[in-house]
Amino acid sequence: MENLNTIVVDFTSHCNAMCGNCSRNIDGIKVNPNMPLGHMTMDTWKNIIDNAKGIKEIIFNGSYGDPLMNPNLVPALKYARKLKCNIMIHTNGGKGSPNLWRMLAQELKDFPQGVVTFSIDGLEDTNHLYRRHVVWENLINNVKAFIDNGGLARWRMLVFKHNAHQVEQAEQLSKDMGFVKFDINGGYTFTAIDSIASEAIEKFKATKKEEARTIAYDTSKLDNVERVKNLMEEGFDKGCITCKWKKKQKIQISHTGEVFPCCYLLSDRYPKDPNSPYGKECNSVFWPNVNDTPLKDIVETDVLNFPSDNRFKICEVTCGEV
């Protein structure tokens, strides 16, 4: 597979958190009913790995779930050793015991490079405001166990108005704990659109344990604002689309084994609103599955070029420019 460098895997649709902008939940209280709950099976994983010779990197990054929720994570890493590729795992860090994280640190040493990106949005008094249900004590204990056992960790932070004053403190804490990198997550394209059209906010409904809340992004830290502003002025249908994922030679695979050109289309596979035009477009296509067709054959077909050929609305929003 000469034209493929990176496979991004949504290893599960289960998660311990209820983050505001996530495709898997509604208002921070209810799981998206249109999304099938499940873990990627080892059979599906083997169908990927056995047909991924020459791949340079595998990224565990969920459009719907946190990879630590899948009990097959460690066995999956053991099976993937033969590819001798880099591994990146994205997580909120709140799931699992310190023993699991010690084990994970050891497993990742068997790869040329194995890194865990922890999405931590502030400090003890603020992280849970967006990362709803992530317990700070559990997160910190897991991070310590991972780093103390030689794990390479990256701290990635979404910046809101309520935690913007903590960026320097968070970066210093990352250094003190032994993170190899600290950086800012520039947010999501639709957040940038919201910041121009109205307000870049997330609304959480009340639960039995937590009050309702509205949180606002620090718009100075958002990516894509200038790009989408130009598109909104000219019209999204007037933009020139350059597929970011195709340029980087990446593909996305869901927990069920379906293969997509990018994470944006996977995020529309199970829309919260069944009337979503993005969801309808995505589901008008039959997406190939590694359980039915070898991945090497899927990659060599034209099916992953659909975004540039069919000009999906989501492609205009995420990859269009004027």
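A word on the pairing of strand 7 (residues 152-158)
Thought 1: By the criterion of burial, strand 7 is predominantly enclosed, with 5 of the 7 residues buried.
Thought 2: Where strand 7 lies against strand 8 (residues 181-185), 5 bridges are found, and the strand directions are parallel. When the bridges of strand 8 are listed, R154 appears paired with K181.
Thought 3: Considered for its hand, the β-α-β crossover made up of strand 7, helix 6 (residues 167-177) and strand 8 is right-handed.

Here we look at the state of the cysteines
Thought 1: Summed over all chains, the structure comprises 0 disulfides.
Thought 2: Free cysteine C262: the closest other cysteine sulfur is in C263, separated by 5.8 Å.
Thought 3: For C262, a relative accessible area of 6% corresponds to the buried category.

Overview of the pattern of salt bridges
Thought 1: Per the stated rule, a full pass over the model turns up 13 salt bridges.
Thought 2: For D121, the salt bridge goes to R131, with nearest N and O atoms at 2.6 Å. Of the two residues, D121 sits in the loop between strand 6 (114-119) and helix 4 (127-130) while R131 sits in the loop between helix 4 and helix 5 (136-148), which places them 10 residues apart along the sequence.
Thought 3: For D121, a relative accessible area of 0% translates into the label buried.

Observations regarding the environment of S220
Thought 1: With respect to the helices, strands and loops of the structure, S220 is situated in the loop between strand 10 (213-216) and helix 8 (225-234).
Thought 2: Considered as a pair, S220 and K161 are 59 residues apart in the sequence and their alpha carbons are 10.0 Å apart.
Thought 3: Within the structure, the side chain of S220 is placed 2.6 Å from the side chain of D218, a separation counted as a polar contact.

Points about the pairing of strand 5 (residues 86-91)
Thought 1: Counting buried positions along strand 5 yields 5 of 6 residues, so the element is predominantly enclosed.
Thought 2: One ladder, built from 4 bridges, connects strand 4 (residues 57-60) with strand 5; its direction is parallel. Across the sheet, E57 pairs through a bridge with N86, a residue of strand 5.
Thought 3: Remark: the strand 4/helix 2 (residues 73-80)/strand 5 crossover connection has right-handed handedness.
Thought 4: In this structure, strand 5 lies alongside strand 6, joined through 5 bridges in parallel fashion. Along strand 6, the bridge assignment pairs I87 with G114.
Thought 5: As a crossover connection, the stretch from strand 5 through helix 3 (residues 98-108) into strand 6 is right-handed.

Structural notes on the packing of aromatic side chains
Centre-to-centre distance and the angle between the planes together describe a pair of aromatic rings.
Thought 1: All chains considered together, the criterion is met by 15 aromatic pairs.
Thought 2: A centroid spacing of 5.2 Å and a plane angle of 90° characterise the contact between F11 and F60, whose relative ring orientation is edge-to-face. Taken together, the positions of F11 in the loop between strand 1 (6-9) and strand 2 (25-26) and F60 in strand 4 put the pair 49 residues apart, joining distant regions of the chain.
Thought 3: Ring plane angle 40° and centroid distance 5.1 Å describe the contact between F260 and W287, whose orientation is recorded as tilted. Here the residue F260 occupies a position in strand 13 (residues 259-260), and W287 occupies one in the loop between helix 11 (277-282) and helix 12 (295-300), the gap between them amounting to 27 residues.
Thought 4: According to the relative accessible area criterion, W287 is buried, its value standing at 2%.
Thought 5: Feature note: the residues W101, F118, F146, W155, F179 and F182 constitute an aromatic cluster, connected by ring pairs.
Thought 6: The ring of F204 is capped by R213, whose NZ or CZ atom sits 5.8 Å from the centre of that ring.
Thought 7: A cation over a ring is seen here: K250 above W245, with NZ or CZ 4.2 Å from the ring centre.

A few points about unusual backbone geometry
Thought 1: Phi angles above zero are rare outside glycine, and D27 is one such case at about 60°.
Thought 2: Here D27 shows up in the loop between strand 2 and strand 3 (30-31).
Thought 3: Of note, the phi angle at Q249 is positive, near 60°, even though the residue is not glycine.
Thought 4: Note on placement: Q249 falls in the loop between helix 9 (244-248) and strand 12 (250-253).
Thought 5: The exposure class assigned to Q249 is partly exposed, which follows from its relative accessible area of 24%.

Brief notes about the sheet that holds strand 5
Thought 1: Overall, mixed pairing links the 8 strands, which are arranged 8-7-6-5-4-1-12-13 in an open sheet. Because the sheet does not close on itself, it has two edges, and the strands there are strand 8 and strand 13.
Thought 2: Bridge analysis of strand 1 against strand 12 gives 4 bridges, and the strand direction is parallel. The residue bridging V9 from the neighbouring strand is I253, located in strand 12.

So, how was this worked out
- Residues numbered from 1 in each chain as written.
- Predicted model: local features only at pLDDT ≥ 70, side-chain atom pairs only at ≥ 80, totals over all residues.
- Heavy atoms only, no water.
- Buried < 20%, exposed > 50% of the residue type's maximum accessible area, 1.4 Å probe, protein only.
- Helix = DSSP H or I, 4+ residues; strand = E, 2+ residues; numbered from the N terminus.
- Pairing = 2+ DSSP bridges.
- Right-handed = clockwise from strand over helix to strand, strands pointing away.
- Disulfide = S-S within 2.5 Å.
- Salt bridge = Lys/Arg side-chain N within 4 Å of Asp/Glu carboxyl O.
- Polar contact = N/O pair within 3.5 Å; in protein donor to acceptor, adjacent residues only side chain to side chain.
- Phe/Tyr/Trp six-rings, centres within 6.5 Å; stacked < 30°, edge-to-face > 60°.
- Lys NZ or Arg CZ within 6 Å of the ring centre and 35° of its normal.

None of this, on its own, says anything about what the molecule does.
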